[in-house]
Amino acid sequence: MSRIGRLPVALPAGVEVKVDSNNVVTVKGPKGELQEQISKLIKVEINEGTLTVSRDSDAKENRSQHGLARTLINNMVVGVTAGYEKKLQLVGVGYKAEKQGKNLVMNLGYSHPIIMEDPEGITTEVPSATEIIVKGIDKAFVGNYTANIRKWRQPEPYKGKGIKYVDEVIRRKEGKTGK
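Residues numbered from 1 in each chain as written. Predicted model: local features only at pLDDT ≥ 70, side-chain atom pairs only at ≥ 80, totals over all residues. Heavy atoms only, no water.

> Describe the pattern of salt bridges, listing the residues and the values that go with them.
The final tally for this structure, using the stated rule, is eight salt bridges. Notably, a salt bridge pairs Asp-58 with Arg-55, separated by 2.9 Å at the nearest N-O pair. Looking at Asp-58, the relative accessible area reads 57%, which means it is exposed. Under the relative-accessibility criterion, Arg-55 is labelled buried at 12%. (Salt bridge = Lys/Arg side-chain N within 4 Å of Asp/Glu carboxyl O. Buried < 20%, exposed > 50% of the residue type's maximum accessible area, 1.4 Å probe, protein only.)

> A description of the sheet that holds strand β6 (residues 50-55) should follow, citing residues and the corresponding values.
One key point about sheets: their strands pair by backbone hydrogen bonds, in either a parallel or an antiparallel sense. Strand order across the open sheet formed by three strands is β1-β6-β5, with antiparallel pairing between neighbours. Two strands close off the open sheet at either side, each with one partner strand: β1 (9-10) and β5 (42-47). Pairing analysis gives six bridges linking β5 to β6, with the strands arranged antiparallel. Bridge pairing links Glu-45 to Thr-52 in β6. Where helix α1 (residues 60-81) meets the sheet, its contacts fall on β1, β5 and β6, and the angle it forms with β6 comes to roughly 165 degrees. (Pairing = 2+ DSSP bridges. Helix = DSSP H or I, 4+ residues; strand = E, 2+ residues; numbered from the N terminus. Contact = heavy atoms within 4.5 Å. Axes fitted to C-alpha atoms, helices over the stretch in contact; angles between N-to-C directions.)

> How would you sum up unusual backbone geometry? Please name residues and give values.
Within the chain, Asn-23 stands out as a residue other than glycine whose phi angle is a positive 65 degrees. Assignment of secondary structure puts Asn-23 in the loop between β2 (16-19) and β3 (24-29). Unusually for a residue other than glycine, Glu-48 sits at a positive phi of about 25 degrees. Relative to the helices and strands, Glu-48 resides in the loop between β5 and β6. What makes Glu-48 exposed here is its relative accessible area of 84%.

> Give me the lowdown on helix α2 (residues 139-150), citing residues and values where you can.
Taking 1.5 Å per residue, 12 residues should reach 16 Å; α2 reaches 17 Å between its end C-alpha atoms and fits that length. Of the residues making up α2, those classed as buried are Val-142, Tyr-145, Thr-146, Ile-149 and Arg-150. All buried residues of α2 project into a common sector of 145 degrees when viewed along the axis, lining one side. Check the buried side of α2 and you find it contacts β7 (84-91), β9 (103-107), β10 (114-117), β11 (122-125), β12 (131-136) and β13 (162-165). (Expected span 1.5 Å × (residues − 1). Arc of directions from axis to C-beta.)

Shape is all these values report; function is a separate question.
See below:
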């Protein structure tokens, strides 16, 4: 039995979960609504404030989908109640970010500023010139957008310059030594 899959998902007050005949799970909460297609091999049952995920057999495919389905549903419940956020830090001389309407404008040492428009369901905040906060209700979407921002200047190991996650530790390398 899957250790993660057998755990029940607690449904807080104000969260509504529906499962239709095609195994599409819809979660509504105070921050919005999310949908996810769950494998037909998995059964989703809702009982008095908790949601349980089970499988019919112990076939390899069923086992692989069990924990995944439970985690996806739990992420949706957390997303519509608390939401997700990722923090980025710009490290480097002249690296800065600012917010202009729905656009995130970053100066990252290129000859031109990088302009990224916030997609639907994602908001970005710039509390200081070297910090970016990405917020949203869909965990995968927040992580993907954050990774796309980070792609413009990934941290390099010699000087540590680039866009890094706030809690990320960059392994530093020693530069060349002369004779």
